[in-house]
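For reference, the chains in residue letters:
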Amino acid sequence: MKLLTPSLLVLFCFVIGGIVFKISAPRQCDGIRNDDTIFVLTGDMRRIPFAMRKMHTHPDSDLYIIGAGASNYEMAHRVKIESDSKSTYQNALAIRDIADRAGLDRIVIITTEDHMNRAKYLISHELPETEIIACPAPLVGMPPAKRLERWAVEYIKYIATMIGIKES
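Described below are features of the structure shown in this document.

About the thresholds
- Residues numbered from 1 in each chain as written.
- Predicted model: local features only at pLDDT ≥ 70, side-chain atom pairs only at ≥ 80, totals over all residues.
- Heavy atoms only, no water.
- Pairing = 2+ DSSP bridges.
- Helix = DSSP H or I, 4+ residues; strand = E, 2+ residues; numbered from the N terminus.
- Axes fitted to C-alpha atoms, helices over the stretch in contact; angles between N-to-C directions.
- Contact = heavy atoms within 4.5 Å.
- Salt bridge = Lys/Arg side-chain N within 4 Å of Asp/Glu carboxyl O.
- Buried < 20%, exposed > 50% of the residue type's maximum accessible area, 1.4 Å probe, protein only.
- Right-handed = clockwise from strand over helix to strand, strands pointing away.
- Core = buried A, V, L, I, M, F, W, Y, C linked by side-chain atoms within 4.5 Å.

A few words on the sheet that holds strand β3 (residues 79-82). One open sheet holds the five strands; their spatial order is β3-β2-β1-β4-β5, and the pairing between them is parallel. Each edge of the open sheet carries a strand with a single partner, namely β3 and β5 (131-137). Between one strand axis and the next, the sheet turns by 25° as a mean value, whatever way the strands run. The pairing of strand β1 (residues 37-41) with strand β4 (residues 106-112) spans four bridges and is classified as parallel. Across the sheet, residue isoleucine 38 finds its bridge partner in β4, namely valine 108. Its contacts with the sheet put helix α4 (residues 116-126) on β1, β4 and β5, and the angle it makes with β5 is roughly 160°.

See the structure below:
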């Protein structure tokens, strides 16, 4: 019984941490201003269309599509594509380089709600003086089991990131 107790404690902490992780994830855009620069991370089919809808309501904003797989999109003149980065950490480095070159002190990040905590964490460590506005794309039209799986994977990746493994 004594061997089981530490295992149950670890499992309990993992489950509670997962609940906190999900609850703490932003559910809606914090507020995009017309002059904001928006960065959308590729990796899920919902993100770019969601970002393009945001561009329609904020036509003066610049939009950067960050990550591998972005080159297949025809874009408006205020949309720029960075397609070299292949992980969330590499996305954060690319965003840092763009933000530094442009002198940005405020950026908007669009990614899916399950991915937002880790993406924002990595980006904030690369741009500690920059205000980061979260604008999560909702996970709509997905079976509950698949949503739970995605949240669990992102939670595990977040834990890995917190202990220093950035390329997860």
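Resuming the write-up.
Tallied over the entire structure, the rule returns 14 salt bridges. Residue arginine 106 is joined to aspartate 36 by a salt bridge in which the shortest nitrogen-to-oxygen separation is 2.7 Å. Separated by 70 residues along the polypeptide, arginine 106 in strand β4 and aspartate 36 in the loop between α1 (4-24) and β1 bring together distant segments of the chain. Taking the relative accessible area as the measure of exposure, aspartate 36 reaches 2% and is therefore buried. Each of Arg33, Asp35, Asp36, Arg106 and Glu131 takes part in salt bridges that share partners, so that together they form one network.

Okay, the side chain of threonine 130 next. Among the structural elements, threonine 130 can be located in the loop between α4 and β5. Assessed through its relative accessible area of 13%, threonine 130 is described here as buried. Once you skip the residues sitting within four places of it in the chain, threonine 130 turns out to touch Leu104, Asp105, Arg106 and Ile107.

Most of β4 is tucked away, with seven of its seven residues classed as buried. As defined by bridge partners, β4 adjoins β5 across seven bridges and the pair is classed as parallel. Looking at the pairing, threonine 111 lines up with proline 136 of β5. Since β4 and β5 lie parallel, the crossover through α4 that links them has a hand, and here it is right-handed.

By size, the foremost hydrophobic cluster in this structure holds 19 residues, and its most contacted members are Phe39, Ile66, Ile95, Ile107, Ile109, Ile123 and Leu127. Elements with a contribution of two residues or more to this core: β1, β2 (62-66), α3 (88-102), β4, α4 and β5. Considering each element in turn, this core owes the most residues, six residues, to α3. Leave out the neighbours within four places in its chain, and isoleucine 95 touches Phe39, Leu41, Ile66, Ile107, Ile109, Ile123 and Leu127. Core analysis: the second largest hydrophobic core is formed by 15 residues, Ile38, Val40, Ala51 and Leu63 among them.

Moving on: the environment of alanine 137. Inspection of the secondary structure puts alanine 137 in strand β5. Owing to a relative accessible area of 1%, alanine 137 belongs among the buried residues under this scheme. Through-space distance from the C-alpha of alanine 137 to that of isoleucine 48 is 9.2 Å; in sequence the pair is 89 residues apart. If we ignore the near neighbours within four places in the chain, the residues touching alanine 137 are Arg46, Arg47, Phe50, Thr111, Thr112 and Glu113.

By themselves, these are just geometric observations and shouldn't be taken as functional.
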